[in-house]
Amino acid sequence: MTEIPKNASPTIKGLIADAAEFDELVAGLPEQSWLLPTPAPGWTIRDQVAHVSFVFRLAGLAAADAAAFQAATAKLDGGFSAAVNAALADYTGHTVDELSARWRSERDTAIRALAAVPHGRTVPWLVDPLPPDVLACAGMMELFGHGQDIADTLGIRRRRTDRIRYLAGFGVRTWQFGYQARGLTPPKSGFRFELIAPSGAVWEFGPDESDQRITGPAEDFCLLVTRRRHRDDLGLVASGADADHWLDIAQAYRGPAGTGREPGQFSGRPS
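Residues numbered from 1 in each chain as written. Predicted model: local features only at pLDDT ≥ 70, side-chain atom pairs only at ≥ 80, totals over all residues. Heavy atoms only, no water.

Asks: Can you help me understand the pairing of strand S3 (residues 213-217) in this one?
Replies: Sheet faces and side chains relate simply in a regular strand, where the side chains alternate between the two faces. Bridge count for strand S1 (residues 192-196) against S3 is five bridges, and the pairing is parallel. Each residue of the ladder has a partner; that of Glu194, found in S3, is Thr215. Where S3 lies against strand S4 (residues 237-239), three bridges are found, and the strand directions are antiparallel. Within S4, the position partnered with Ile214 by the bridge is Ala238. (Pairing = 2+ DSSP bridges. Helix = DSSP H or I, 4+ residues; strand = E, 2+ residues; numbered from the N terminus.)

Encoded structure:
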């Protein structure tokens, strides 16, 4: 498990905890289970771990060595999604033990590098420079989504804590990504989000006066923006036509939306 750096922000500490939970999903899995297909079409559990490891490797480079990060990303042709798929080839020759060790090493390196960024500095990223805490939230998004795919494959019910507030806030911050991915123009006015935390607290984001509102459980919101559940299977309620449309296209990551999940796909399974 990653040792918590003394200078780590609460957000970085949240990333450490999320990464530890992700690791627990695959720790001790028999080798044949790593080849099980997940709900992401064409991806096995092994692919999911390799993908997350690659993203952490990029984050570690961005935080520790901007020149090395720019050199690495300059070779990514065809957009981030194509680059991610191509990068999986770099992990295919590993045994399960080697892949596990590489994931943990790249996780720890990235977290230490993010924690070491001086206050007020940003780090380069794929489109715009980001504060390290925001990049940490992007890492939580990756861990949440790909961890959910692994949990769904293994029939594991994940226990949520109020730590998902970081991801919920990131989903609000990136609310326009679904429009951008589809070449659509976002509404000029922002949405109001009122989300119920696992503890029962209410988290509020966005302008109070907005007539376009999303309300419901924060966990469901995170499942929506990572596109791990269809809106029909979630307890989110939209008020206003724009907000209702947003529930169809929401995503907290750049690039193609992917196939998403079908209504009722996980009926009777843990969620």
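Asks: How do you make sense of the packing of aromatic side chains when you look at a structure like this?
Replies: Both the distance between ring centres and the angle between the ring planes are used here to describe each pair of aromatic rings. Inspection of the entire model under this criterion finds 10 aromatic pairs. Where Phe191 meets Trp246, the ring centres are 6.2 Å apart and the plane angle is 90 degrees; that geometry is what we call edge-to-face. Residue Phe191 is found in the loop between helix H8 (177-181) and S1, and its partner Trp246 is found in helix H10 (residues 241-249); the two are separated by 55 residues along the sequence. Between Phe221 and Trp246, the aromatic rings sit 5.9 Å apart at their centres with planes inclined by 20 degrees, giving stacked as the arrangement. (Phe/Tyr/Trp six-rings, centres within 6.5 Å; stacked < 30°, edge-to-face > 60°.)

Asks: Which parts of the structure should I look at to understand the nonpolar core?
Replies: As a rule of thumb, soluble globular proteins bury nonpolar side chains together. In terms of nonpolar packing, the biggest core is built from 79 residues, with Phe193, Phe221 and Trp246 touching the most fellow members. Beyond its immediate chain neighbours, meaning those up to four positions away, Phe193 contacts Val172, Trp175, Trp203, Glu204, Phe205, Ile214, Phe221 and Trp246. (Core = buried A, V, L, I, M, F, W, Y, C linked by side-chain atoms within 4.5 Å. Buried < 20%, exposed > 50% of the residue type's maximum accessible area, 1.4 Å probe, protein only. Contact = heavy atoms within 4.5 Å.)

Asks: Help me out: how do you make sense of the packing of helix H1 (residues 10-26) against helix H5 (residues 96-116) in this one?
Replies: Two quantities define a packed helix pair, namely the angle between the axes and the distance from one axis to the other. Closest axis-to-axis distance for the H1/H5 pair is 10 Å, and the angle between their directions is 175 degrees. If you check the angle between H1 and H5, you find them roughly antiparallel. Residues Ile12, Leu15, Ile16, Ala19, Phe22 and Asp23 of H1 lie in contact with H5, whose contacting residues are Trp103, Arg104, Arg107, Ile111, Leu114 and Ala115. Tallied by class, residues from the contact of H1 with H5 come to nine nonpolar, no polar and three charged. (Axes fitted to C-alpha atoms, helices over the stretch in contact; angles between N-to-C directions. Parallel < 35°, antiparallel > 145°, perpendicular 65-115°, else oblique. Nonpolar A, V, L, I, M, F, W, Y, C, P; charged D, E, K, R; others polar.)

Asks: What exactly am I supposed to notice about the sheet that holds strand S2 (residues 202-205) here?
Replies: Spatially, four strands are ordered S2-S1-S3-S4 in an open sheet, and the strand pairing comes out mixed. Lying at the two open borders of the sheet, with one neighbouring strand each, are S2 and S4. Each strand of the sheet is rotated relative to its neighbour by a mean of 15 degrees, with strand direction disregarded. Strand contacts of helix H7 (residues 165-173): S1 and S2, with the helix running at about 25 degrees to S2, the strand carrying the most contacts. Relative to S3, helix H9 (residues 218-225) is tilted by about 115 degrees, and along the sheet it contacts S1, S2 and S3.

Asks: Would you explain H10 in this entry?
Replies: Since the α-helix packs 3.6 residues into each turn, any two residues three or four apart lie on the same face. Considered for burial, the residues of H10 that qualify are Ala243, Trp246, Leu247 and Ile249. Along its buried surface, H10 packs onto H8, S1, S3, H9 and S4.

Asks: It is not clear to me how the layout of surface pockets should be interpreted in this structure. Could you clarify?
Replies: Quantified by volume, the second largest pocket comes out at close to 190 Å³. For the second largest pocket, the lining is made up of 14 residues, of which Val117, Pro118, His119, Pro132 and Asp133 are closest to its centre. Mapped onto the lining of the second largest pocket, the elements with two or more residues apiece are H5 and helix H6 (132-154). (1 Å grid on protein atoms, 1.4 Å probe; cavity = no way out; pocket = protein on both sides within 12 Å on 5 of 7 lines; lining within 4 Å. Points joined across faces, edges and corners; volume = space filled by probe spheres on them.)

Asks: What am I meant to see in the environment of Gln32 here?
Replies: The topology assignment puts Gln32 in the loop between H1 and helix H2 (45-64). Looking at Gln32, the relative accessible area reads 56%, which means it is exposed. Taking the C-alpha atoms as reference points, Gln32 and Phe205, separated by 173 residues in sequence, lie 43 Å from one another.

Asks: Can you walk me through empty space enclosed by the protein in this structure?
Replies: A water-sized probe rolled over the atoms picks out the places where empty space is left. Per the counting criterion, the structure on display carries two cavities of 30 Å³ or more. Taken as a whole, the largest cavity holds about 150 Å³ of empty space. Lining the largest cavity we find Asp18, Glu21, Met140, Leu143, Phe144, Arg158, Arg159, Arg160, Thr161, Arg163, Ile164 and Leu167. Mapped by element, the contributors of at least two residues to the lining of the largest cavity are H1 and H6. With three residues, H6 is the single largest residue contributor to the lining of the largest cavity. As a volume, the second largest cavity reaches approximately 30 Å³. Taken together, Arg46, Asp47, Ala50, Leu88, Tyr91 and Thr92 make up the full set of residues lining the second largest cavity. The residue inventory of the lining of the second largest cavity, partitioned by class, reads three nonpolar, one polar and two charged.

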